[in-house]
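Residues per chain are reported as follows:
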Amino acid sequence: MADFNSIIDKYEGKGIPYRDRSDEIRRVVSTLCKYIYSQNDRAIKEVISQYKCLKYINDIHIDGQKCTIEYDQGVVSFYVFSQEYFNHFCGDILRCDDVNGECHNVTQKVLEECHNCDISAVTSVCINTNFILYFHSYICDRKENKIIDFSKKIIMDKDVYDKLFCYKQLNDLNYTEYREEFDNSDYDGSLYPLLYLSLDKLNHKSKVKSFKIDK
């Protein structure tokens, strides 16, 4: 586990410098997700009014569970889970307000429950709204090329999600791929399986990269 600890320390909790407008839009999207999911219309109107005062925000539209943000460099659209949608997949795993810190667990359970669907479990180093890196897992709908993130309660095109939230993608495994990698691993139960497999891959790559053949 020593090698894994060094890999975790390399990313987890580390800050990154401001990159571009996507860093600001990430905060807007994350905040709007929280309020739309809560179905608090008054709070939604207040936060939209505040964001519209920002120079780079042109407009924000909400139609049911769909939100569209128009800003000076483009448009971002996404869907926010209804509580019924969340409960359909995760109701027997945990409550909707208990997802913090459980992304790997939830993603694995959904992958196992929906193993016949064209979905995969993605594990990445992601960026939070405070520019801090953390390890995160979520579902990818491979047919639609959309991310389904049960922690953020958001459905978004993968390319947009990657631009806003993903710092470094580590693994993207459908159920068959997940079972094959897990069964061939030396999993010791110390971490969530999805996180373990991702760290194991990073560890292997670092060893291959540092390996030199004597001439």
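**Quick notes on the pattern of salt bridges**
- Counted according to the given criterion, the structure contains 12 salt bridges.
- A salt bridge links K158 to D162, with the nearest nitrogen and oxygen atoms 2.8 Å apart. In this pair, K158 and D162 are both assigned in helix α6 (residues 158-165), four residues apart and thus about one turn of the helix distant.
- Residue K158 is classed as buried on the basis of its relative accessible area, which comes to 13%.
- Judged by relative accessible area, which is 22%, D162 ranks as partly exposed.
- It is possible to trace a salt-bridge network through shared partners that takes in R19, D23 and R26.

**What about the packing of aromatic side chains?**
- Scanning all chains against the criterion turns up 11 aromatic pairs.
- A centroid spacing of 5.1 Å and a plane angle of 50° characterise the contact between F182 and Y187, whose relative ring orientation is tilted.
- Its relative accessible area of 27% is what places Y187 among the partly exposed residues.
- Relative to Y196, the ring of Y187 lies with its centre 5.2 Å away and its plane at 85°, an arrangement referred to as edge-to-face.
- Through pairs of rings, three or more aromatic residues link up here, namely F4, Y175, Y178, F182, Y187 and Y196.
- In this structure, K152 packs its charged tip against the face of F165, placed 4.8 Å from the ring centre.

**Here's the deal with the pairing of strand β1 (residues 57-63)**
- In this sheet, strand β2 (residues 66-71) lies alongside β1 in antiparallel orientation, the contact comprising six bridges. For I57, the partnering residue across the bridge sits in β2 and is Y71.
- Counting the residues that bridge the hairpin from β1 to β2 gives two residues, and of these G64 lies at a positive phi of roughly 70°.

**Structural notes on the sheet that holds strand β7 (residues 154-157)**
- Here we have eight strands laid out as an open sheet, ordered β1-β2-β3-β7-β6-β5-β4-β8, and antiparallel in their pairing. The open sheet has two free edges, formed respectively by β1 and β8 (166-173), since each of these has just one partner strand. Sheet twist, expressed as the mean angle between neighbouring strand axes with direction ignored, is 25°.
- Direction of pairing for β2 relative to strand β3 (residues 74-80): antiparallel, over a ladder of six bridges. Note on β3: the bridge partner recorded for I69 is V76.
- Across the face of the sheet, α6 comes into contact with β2, β3, β4 (119-127), β5 (133-141), β6 (146-149), β7 and β8 while running at roughly 105° to β7.

**Re the pairing of β7**
- Where β3 lies against β7, two bridges are found, and the strand directions are antiparallel. Across the sheet, residue V80 finds its bridge partner in β7, namely I154.

**Regarding the nonpolar core**
- V29, L32, I69, F78 and M156 are the most contacted members of the largest nonpolar core, which totals 62 residues.
- Those residues in contact with L32 that lie beyond four places of it in its chain are V47, I48, I60, C67, I69 and F78.

**A few points about the side chain of S137**
- Relative to the elements of secondary structure, S137 occurs in strand β5.
- For S137, the side chain forms a polar contact with the side chain of H104, separated by 2.7 Å.

What counts and how
Numbering of residues begins from 1 in every chain and follows the order in which that chain's sequence is written. Only residues with pLDDT of 70 or above have their local features reported here, since the model is predicted, and side-chain atom pairs are shown and tallied only from 80 upward, although totals for entire chains, interfaces and linings are computed over all residues. To get the side-chain values, all heavy atoms of the structure are used, and hydrogens and water are removed first. We define a salt bridge as a contact between a side-chain nitrogen of Lys or Arg and a carboxyl oxygen of Asp or Glu at a distance within 4 Å. We count a stretch as a helix when DSSP gives it H or I for four or more residues in a row; a strand needs E for two or more, and each element gets its number in order from the N terminus. Only protein chains enter the accessibility calculation, which uses a 1.4 Å probe; a residue whose area is less than 20% of its type maximum is buried, one above 50% is exposed, and one in between is partly exposed. Two aromatic rings, drawn from Phe, Tyr or Trp (for Trp, its six-membered ring), form a pair once their centres lie within 6.5 Å of each other, and the interplanar angle then sorts them: stacked below 30 degrees, edge-to-face above 60, tilted otherwise. We call a charge positioned above a ring when the Lys NZ or Arg CZ atom is no farther than 6 Å from the ring centre and deviates by at most 35 degrees from the ring normal. Any two strands between which DSSP finds at least two bridges are classified as paired. Every angle, taken between N-to-C directions, lies between 0 and 180 degrees, and every axis is a line fitted to C-alpha atoms, over only the stretch in contact when it is a helix. A contact between two residues is defined here by any heavy atoms of the two lying within 4.5 Å. Residue types Ala, Val, Leu, Ile, Met, Phe, Trp, Tyr and Cys, when buried and joined through side-chain atoms within 4.5 Å, form a set referred to as a nonpolar core. For the purposes of these results, a polar contact is taken to be a pair of N or O atoms within 3.5 Å, where, inside protein, one atom must be able to donate a hydrogen and its partner to accept one; residues adjacent in sequence count only when each atom of the pair is a side-chain atom.

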